[in-house]
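Per-entry structural report
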Number of protein chains: 2
Amino acid sequence: MSRFGEDQPLGVLPQGAPRPPVVVLVEPQLGENIGMVARAMGNFGWSQLRLVKPRDGWPSASASATASNSRAIVEEAQLFGAVDEAVADLSLVLVTSARKHDMVKPVIGPAEAATRACAHAGRSGAPAEGGGQPARVGYIFGREAWGLTNDEVSAGNAIVTLPVDPERASLNLAQCVLLCAYEWRLAAFRASGFDSEPTLLPVEQVDRGPVATQADLTGFYEHLEGLLAARGFFHPPEKRDRMVRNLRAIFQRGDLTAQEVRTLRGVLASLDRAHERR
Amino acid sequence: MSRFGEDQPLGVLPQGAPRPPVVVLVEPQLGENIGMVARAMGNFGWSQLRLVKPRDGWPSASASATASNSRAIVEEAQLFGAVDEAVADLSLVLVTSARKHDMVKPVIGPAEAATRACAHAGRSGAPAEGGGQPARVGYIFGREAWGLTNDEVSAGNAIVTLPVDPERASLNLAQCVLLCAYEWRLAAFRASGFDSEPTLLPVEQVDRGPVATQADLTGFYEHLEGLLAARGFFHPPEKRDRMVRNLRAIFQRGDLTAQEVRTLRGVLASLDRAHERR
């Protein structure tokens, strides 16, 4: 497992990570949705957007407005007249669809799709794809209102379906892209030898200060138990041992720091003084 | 591993699955965003929404309008005056945050958060939580513009951070909820003994019709190779065996159906006739 550190800032994909897929939107209706798609792509490191006949024309001011800091993705989007032109240079095409299309094509979830996308992007392309260029992957997303035709779905190598509640299955376009891109980013980190939750420092790298020794803890336990014994807490006496064990188990988890134990002892001392004042 | 079937429709959480978490939105600004949050919750089977001081008042027509078929979640949302009131009956509180809060609290990803949420929801609650009621889990999401205060974050048991590209980290509110709810649904299926991509039939359950026998395949291979031999394809002769092996490997993957092999033979027959006509 690789580690984040000075050479590899936390959450940043390393050099040599799989090349991000292309997003193909088929006849997207609202410019606002196109902008939200671009924003979702940018969140997870995707950048190439292709549009097949956007309904309201192109360029679109509302797409630029909703793209947030991924406006460049909108501005560099490519226009196509048909799905087959938009996918011509791709060698793995993943088609998102909620409907059954009655065709014999593998149906996979977004995590499996992402794993395949990352594996495929490491292969070299056929000569027809540009002679030695890396193989390219694309995800196709259908129209907001009714998705894709059977013909358009047949352009894909696999159908990607999202695990929504069947009774409330309506995901908007940008949210479909978001989930696919999210799973891709996790898969890209895994493919690069990193943990699958890549924004997190391994726990042992978080500097919380020196951990408490067992002696620190024992000092605290004896302090606590002494105070409790003085108040008749351990009653009846034959239950004392079990009560002590249960109490110590609360703190004996191996993750208290020395400073935290000092703080706890300060708490005990403080509580004890309050008692004396009563 | 449990199976979907007549008793358990595909993609539907089984009886006894972990109880879905509560969503707490702290001072959400736009009604539209609240509606989009409800829609994202509904997509993954969440239903309880709590609002801490929504900026533009409540109820909100724009929230209802954007909630799509999750309007009931908006209508049943509960209002609170402060975060600590909104989380008072919860025993595991997961706080989403992109910022560093300089506090010693575990930082986890959405998948780990979901796994903990499902595990926790199976425990029984302390008497103070309602005497034997199941323990309840909540996710807190901050304001659109600037998230949560340190005090609000300190109400949580862990901080959840999303694996976005650090250079384009801005996720909108509904998208944060979407990713958390998506991971929760996957975790809930896993906790119930199902596969982690729960909308998919296991491959062997997809009825594609009878699989091809080896005799079907051999018939096809001999048909193909006969046609190729007649055209002088296997040249030079000493390479014939290897060429045949490589060709057969293309089809010999164990997943062709008898019907598909019949289709392929139809293709061969058709191609052969075209040749005769030339």
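Residues numbered from 1 in each chain as written. Chains lettered and ligands numbered in written order. Predicted model: local features only at pLDDT ≥ 70, side-chain atom pairs only at ≥ 80, totals over all residues. Heavy atoms only, no water.

**What about the packing of helix α7 (residues 173–191) of chain A against helix α7 (residues 173–191) of chain B?**
Put simply, α7 of chain A and α7 of chain B touch, their axes get as near as 11 Å, and they point 60 degrees apart. For the pair α7 of chain A and α7 of chain B, the crossing hand works out as right-handed. Residue-level contacts link Ala174, Gln175, Leu178, Leu179, Tyr182, Glu183 and Leu186 of chain A of α7 of chain A to Ala174, Gln175, Leu178, Leu179, Tyr182, Glu183 and Leu186 of chain B of α7 of chain B. Of the residues assigned to the contact of α7 of chain A with α7 of chain B, the class counts are ten nonpolar, two polar and two charged. (Axes fitted to C-alpha atoms, helices over the stretch in contact; angles between N-to-C directions. Helix = DSSP H or I, 4+ residues; strand = E, 2+ residues; numbered from the N terminus. Left-handed = near helix turned anticlockwise from the far one by under 90°. Contact = heavy atoms within 4.5 Å. Nonpolar A, V, L, I, M, F, W, Y, C, P; charged D, E, K, R; others polar.)

**What about the interface of chain A and chain B?**
Facing 49 residues of chain A, the contacting portion of chain B comprises 49 residues. Of the roughly 3700 Å² buried at the junction of chain A and chain B (both faces included), carbon and sulfur atoms supply 54%. The three residues of chain A that bury the most area against chain B are Pro163, Arg168 and Tyr182 of chain A, which together make up 18% of that side's buried surface. Summed over the shared surface of chain A and chain B, the result is zero salt bridges. For the pair chain A and chain B, the interface holds twelve residue pairs in polar contact (both at pLDDT 80 or more). Listed by contribution, the elements that provide at least two residues to the side of chain A that touches chain B are α1 (31–43), β5 (107–108), α5 (110–121) and α7 of chain A. (Buried area = accessible area lost by both parts, 1.4 Å probe. Salt bridge = Lys/Arg side-chain N within 4 Å of Asp/Glu carboxyl O. Polar contact = N/O pair within 3.5 Å; in protein donor to acceptor, adjacent residues only side chain to side chain.)

**A look at the nonpolar core**
Counting residues in each nonpolar core, the largest one holds 92 residues, and the members touching the most others are Leu49 and Leu94 of chain A together with Leu49 and Leu94 of chain B. When sequence neighbours within four positions are dropped, the list of residues in contact with Leu49 of chain A reads Val23, Leu25, Ile34, Val37, Met41, Ile73, Ala77 and Gln78 of chain A. (Core = buried A, V, L, I, M, F, W, Y, C linked by side-chain atoms within 4.5 Å. Buried < 20%, exposed > 50% of the residue type's maximum accessible area, 1.4 Å probe, protein only.)

**As for the side chain of His120 of chain B**
Here His120 of chain B is to be found in helix α5 (residues 110–121). Discounting chain neighbours no more than four positions away, the residues touching His120 of chain B are Ser91, Leu92, Ala135, Arg136 and Val137 of chain B.

**Looking at the pairing of strand β2 (residues 48–52) of chain A**
All names here are of chain A. With respect to burial, β2 is a largely interior element, four of its five residues being buried. In terms of strand pairing, strand β1 (residues 22–26) meets β2 through five bridges, oriented parallel. Counterpart to Val26 in the pairing with β2 is Val52. Examined bridge by bridge, β2 and strand β3 (residues 78–80) share three bridges and lie parallel to one another. If you follow Leu51 over to β3, its bridge partner there is Leu79. (Pairing = 2+ DSSP bridges.)

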